[in-house]
Amino acid sequence: MWELTVLLLLAPSSGQAATVEKPVLSLHPPWTTIFKGEKVTLRCDGYHPLLLELRPISTLWYLGHLLLPSYKKSIEVHTPGVYRCQTRGAPVSDPIHLLVSNDWLILQVPYAAVFEGEPLVLRCRGWYDKIVYKLHYYHDGQPVRYFHSSANYTVPQARASDSGRYQCSGTMRVPVESAPMFSAKVAVTVQELFQAPVLRVMGRVEARGAAFGGVVLRCETRLHPQKRDTPLQFAFYKYSRPVRRYDWDAEYTVPEPEVEELESYWCEAATTTRSVRKRSPWLQLPGRGSPLDLASTTAPVPDNQPLSFRKPPVSRSVPSVPSVPNVTSAGPPFPAGGAPTAGPPACAPPTPLQQTAGALKPDVALLLREMQLLQGLLSRVVLELKETQAVPGHTVETPTSHSAVSQGTPETTTVES
């Protein structure tokens, strides 16, 4: 009874066991493909509690679904397959897939995941370390590097675009120089370190004393679970001008005088070495009314597209122009209470401008709106000129000047006195 009590005191509680993380399985040397007859070492690092025994709690090893007869923290293996390990009170580790080849040439890649910004190292090995000559490395079938003899191919800072299928080729002297040999293709995936940031409105800050009020913006992103301890820094921009350079704080307060231009802001997240930098889309404020009454969203940015530094158009109400009955507005909907522009009756068939306006870009829509205003002003000038001609005692314009104006406004009707 006494021994049982001591064991319960020294054993981890259920709360401890629930928080124990899965062990980390590592491979030495760190290559997933080996030649037939070679051995590698697997090591299981994790939580190893001590009981009233002369040795630590045993480690369990699995090859596929088969339990291996070993309880040490490290083992030597030479059999191909999927390996896992487990310690008491912890879940099973992530797997390592070991490949064994009988080819003359193999391409070795790291067993551990490669993340953005980290170096990616590929190794082309000849049979039992024979020197490989005229060495080529290929990425998705395209040659990317050539070496005169055996050498590793290294990508200093990996990107998502470096993912794909790799292969190597070369010749060996066995004993004379052979024909070119090719390794098997190996898939490599570069993991995303953190997601593209999103800029959100957190709320308003009231002015206190000498401190100005404003609106708080937050640059939000999410790190990969395996890299959650990676420190990130954040920068904020208005158009292309940085308003706050890189800092640890993910929040920035927009001064009160600039709150009306919130949609011109965006942010950027980066590692401390700037090896990985990602920027958010423009801040978008949906809905009508006050932009701070609603939660903010962001518009997605197409892949491999540069970020435009032009501010997105803001909906504005335009005074109606009665003298231009056939011109429609192609802009976004007006805020509540805004005066709409003149347009065709509801039963009129759509004009070509209406059919194509939905596909126009926002900046083109703004240009069309300005052209509409200009056309309305010209129409009013023509009307005033015609009214002046109808009043006795006033000088009449020459036919040349009248013709030049009337040709530019074919939709203007003659006003009779």
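In the nomenclature of an unreviewed UniProt entry, the protein chain is known as Ig-like domain-containing protein of Muntiacus reevesi.

Novice: Describe the packing of aromatic side chains, with residues and values.
Specialist: For the coordinates displayed, the defined rule picks out 10 aromatic pairs. For the pair tyrosine 237 and tryptophan 266, a centre-to-centre distance of 4.3 Å together with 10 degrees between the ring planes defines the contact as stacked. With tyrosine 237 in strand β21 (residues 232-238) and tryptophan 266 in strand β24 (residues 265-271), the pair connects residues that are 29 residues apart, well separated along the chain. The structure contains a cluster of three or more aromatic residues connected by ring pairs, namely Phe35, Trp104, Trp127 and Tyr128. Cation over ring: arginine 274 sits above tyrosine 246, and NZ or CZ is 4.0 Å from the ring centre. It is lysine 278 that lies over the ring of phenylalanine 194; its NZ or CZ is 5.1 Å from the centre.

Novice: Would you mind going over the side chain of glutamine 233 in detail, with residue names and values included?
Specialist: Structurally, glutamine 233 is set in strand β21. Residue classification places glutamine 233 among the buried positions, given a relative accessible area of 12%. Within the local environment of glutamine 233, its side chain forms a polar contact with the side chain of arginine 274, the two groups lying 2.8 Å apart. If sequence neighbours within four positions are ignored, glutamine 233 has contacts with Tyr246, Asp247, Trp248, Glu268, Ala269, Ala270 and Arg274.

Novice: Can you lay out the pattern of salt bridges for me, pointing to particular residues and giving the numbers?
Specialist: Counted according to the given criterion, the structure contains 17 salt bridges. The shortest N-O distance in the salt bridge between arginine 125 and glutamate 38 comes to 2.8 Å. With arginine 125 in strand β11 (residues 120-126) and glutamate 38 in the loop between β2 (33-35) and β3 (40-45), the pair connects residues that are 87 residues apart, well separated along the chain. Each member of the pair arginine 125 and glutamate 38 is classed as buried.

Novice: Can you break down the pairing of strand β20 (residues 214-220) residue by residue, with the values?
Specialist: Sheet faces and side chains relate simply in a regular strand, where the side chains alternate between the two faces. Taken across its 7 residues, β20 has 5 buried, putting it largely inside the fold. Here 7 bridges tie strand β19 (residues 198-205) to β20, and the two strands are oriented antiparallel to one another. If you follow valine 201 over to β20, its bridge partner there is leucine 217. In terms of strand pairing, β20 meets strand β23 (residues 251-255) through 5 bridges, oriented antiparallel. When the sheet's bridge partners are listed, arginine 218 is paired in β23 with glutamate 251.

Novice: How would you sum up the sheet that holds β19? Please name residues and give values.
Specialist: What the 3 strands build is an open sheet, ordered β19-β20-β23; its pairing is antiparallel. Taken across any chain shown, the strands that pair with only one partner, and hence form the sheet edges, are β19 and β23. Strand-to-strand twist across the sheet, computed as the mean angle between neighbouring axes with direction ignored, equals 30 degrees.

Novice: Please set out the layout of surface pockets residue by residue, giving values where relevant.
Specialist: If you add up the space inside the largest pocket, you get close to 1,100 Å³. Along its surface, the largest pocket is lined by 35 residues, and Asp94, Tyr111, Ala112, Ala113 and Gln226 are the ones closest to its centre. For the lining of the largest pocket, the secondary-structure elements that each account for two or more residues are β1 (24-28), β8 (96-101), β10 (114-115) and β17 (186-188). Class assignment for the residues of the lining of the largest pocket results in 18 nonpolar, 10 polar and 7 charged. When residues are assigned to domains, the lining of the largest pocket turns out to be shared by domain 1 (24-191) and domain 2 (194-284), each giving three or more.

Novice: Pulling in residues and values, what's your account of the sheet that holds β1?
Specialist: Spatially, 3 strands are ordered β1-β3-β6 in an open sheet, and the strand pairing comes out antiparallel. Each edge of the open sheet is held by one strand with a lone partner, namely β1 and β6 (74-77). Recorded for the sheet is a direction-independent mean angle of 25 degrees between the axes of neighbouring strands. Examined bridge by bridge, β1 and β3 share 5 bridges and lie antiparallel to one another. Bridging from a neighbouring strand, leucine 27 pairs with leucine 42 of β3.

About the criteria used
Residues numbered from 1 in each chain as written. Predicted model: local features only at pLDDT ≥ 70, side-chain atom pairs only at ≥ 80, totals over all residues. Heavy atoms only, no water. Phe/Tyr/Trp six-rings, centres within 6.5 Å; stacked < 30°, edge-to-face > 60°. Helix = DSSP H or I, 4+ residues; strand = E, 2+ residues; numbered from the N terminus. Lys NZ or Arg CZ within 6 Å of the ring centre and 35° of its normal. Buried < 20%, exposed > 50% of the residue type's maximum accessible area, 1.4 Å probe, protein only. Polar contact = N/O pair within 3.5 Å; in protein donor to acceptor, adjacent residues only side chain to side chain. Contact = heavy atoms within 4.5 Å. Salt bridge = Lys/Arg side-chain N within 4 Å of Asp/Glu carboxyl O. Pairing = 2+ DSSP bridges. Axes fitted to C-alpha atoms, helices over the stretch in contact; angles between N-to-C directions. 1 Å grid on protein atoms, 1.4 Å probe; cavity = no way out; pocket = protein on both sides within 12 Å on 5 of 7 lines; lining within 4 Å. Points joined across faces, edges and corners; volume = space filled by probe spheres on them. Nonpolar A, V, L, I, M, F, W, Y, C, P; charged D, E, K, R; others polar. Domains from an automatic or database assignment.

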